[in-house]
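What the coordinates show
Read off the chains here:
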Amino acid sequence: MVQAGVGVAIAASGSAAPIAALTNDQLSTIVETSDEWIQTRTGIRSRRLAQSEDTLSSLAAAAGTAAIAAAGLSADDIDLILLATSTPDDLFGSAVQVQAQIGATRAVAFDLTAACSGFVFGLVTAAQFVRTGTYRRVLLIGADVLSRWVDWSDRGTCILFGDGAGAVVLQATDGRDRLLGFELRSDGQLNHTLKLAFQGTPQPLTAGVTATAGRYQPIIMNGREVYRFAVAKVPEVISKALFRADLATSDIDWLLLHQANQRILDAVADRLGVPREQTLSNLADYGNTSAASIPLALDAAVRRGQVQPGDKIVAAGFGAGLTWGAAVFEWGVVET
Ligand code: UT7
């Protein structure tokens, strides 16, 4: 059922992160690295790590609850919860646990997996439900606890990742649609460059039939290849999303990239001609929080008063899959 004239607004945000922090100096007692190397190559100073009491669903629920409150709604108002994560507490999905924890009894809830692009893919997915008139209020959460899956002896990856959750509430409006344009991409040919893969061995069950038992292996990444991919492909997908929105880079107030590496953020901003001061970053204190990174950085900027209602933001995610995508939107509910 398509309802004509229903627009979507990205109305409010919330976020949550574990309290425990791991600094670069502390990391350098675990692997052969240094604060100087990590800061110079990535811009990261510290990252938050989930402790045993910080489950994926508890972080996601805290971020979701904050976003619902910021929107002036109650949990009962939410029609759909979309949880973008690659690190659920339960492989069957964690969105339903979040639904129970926040008490959103009316909401249908499911997970969406697109690694570090999860939030942007989720934003576009959520908007389709609103635009068709199917759901009026959607809670979109990006949350990850990649620290569970990091090889803490691999200095090429363990320095990068942190844990956290960020959320936004999307609402139906009778007025303008504030998701102005988007472009999503996938390339499974490059899957080998960044993986958190299942590895199993066949267990014989009966003649000619086996079942494969095993476990997921820690993250493996070809950092240089992923870096090159991001710097080449992210400006391209942003330009495409801006074209679809009929906007120029100069119309954008904020560039909000997946927080992977400050050098990637700077290189993409430079290629697009976006001044550094219009690029949002929280990398120094959080590292790469995967699906959480964009909404975490957005929420911090909103709470600082940096991002204002009506501001035009281009958000871009990129990562495992490989997946990448950009969405151009206007922040907040602003009637014009
Ligand atoms: O969320 C999604 C995606 N992930 C990313 O976006 C990651 C993208 N890639 C990156 O951010 C960067 O490639 C890294 C930060 C992972 C690595 O930085 P780099 O500048 O590409 O370093 P590199 O891998 O080219 O390594 C340069 C040198 C090597 O030594 P040699 O071979 O030149 O002697 C590494 O062994 O730095 C060494 N190295 C380190 N040294 C100290 C690698 N990791 C470390 C470390 N501390 N932690």
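It should be noted that the structure appears before, not after, this text.
Report on the accompanying structure.

What counts, and where the lines are drawn
- Residues numbered from 1 in each chain as written.
- Predicted model: local features only at pLDDT ≥ 70, side-chain atom pairs only at ≥ 80, totals over all residues.
- Heavy atoms only, no water.
- Near = heavy atom within 4 Å.
- Polar contact = N/O pair within 3.5 Å; in protein donor to acceptor, adjacent residues only side chain to side chain.
- Areas by Shrake-Rupley, 256 points an atom, 1.4 Å probe, with all protein chains shown as cover.
- Helix = DSSP H or I, 4+ residues; strand = E, 2+ residues; numbered from the N terminus.
- Nonpolar A, V, L, I, M, F, W, Y, C, P; charged D, E, K, R; others polar.
- Domains from an automatic or database assignment.
- Patch = residues over 30% accessible without salt bridge, like charges linked within 9 Å, V, L, I, M, F, W, Y side chains within 5 Å.
- Salt bridge = Lys/Arg side-chain N within 4 Å of Asp/Glu carboxyl O.

What follows covers the site of the ligand. Of all residues adjacent to the ligand, which total 23 residues, the nearest are T33, R41, R224, N261 and N288. Taking T33, its side chain carries an N or O atom lying 2.6 Å from a nitrogen atom of the ligand. Separating an oxygen atom of the ligand from a side-chain N or O atom of R155 is a distance of 3.0 Å. Burial of the ligand by the protein amounts to 76% of the accessible area it has alone, namely 940 Å². Put simply, the parts of the chain that give the shell around the ligand at least two residues each are α2 (35-42), α6 (155-158), α7 (223-244) and α8 (262-272). Per-element tally for the shell around the ligand: the top contributor is α7, with four residues. Among the residues making up the shell around the ligand, the classes are represented as 11 nonpolar, seven polar and five charged. Counting only domains with at least three residues in the shell around the ligand, you end up with domain 1 (7-179) and domain 2 (180-189 + 220-330).

Okay, a nonpolar patch on the surface next. On the surface, a cluster of nonpolar side chains totalling about 310 Å² of accessible area is made up of L91, F198 and Y216. For L91, the position within the fold is in the loop between β4 (80-84) and α4 (95-102).

With the rule as written, the count across this model stands at 11 salt bridges. Residues joined by salt bridges that share partners form a network here, namely E183, R185 and R244.

A few words now on unusual backbone geometry. Note: most residues except glycine have negative phi, and most peptide bonds are trans. The peptide bond linking G321 to L322 adopts the cis configuration, its omega dihedral lying at -5°. The residue L322 is located in the loop between β14 (312-319) and β15 (323-330) in this model. One non-glycine residue with positive phi stands out, namely D246, at about 60°. With respect to the helices and strands, the residue D246 is situated in the loop between α7 and β13 (254-257). We note that S290 has phi near 55°; this positive angle belongs to a residue other than glycine. The residue S290 is located in the loop between α9 (283-286) and α10 (293-303) in this model.

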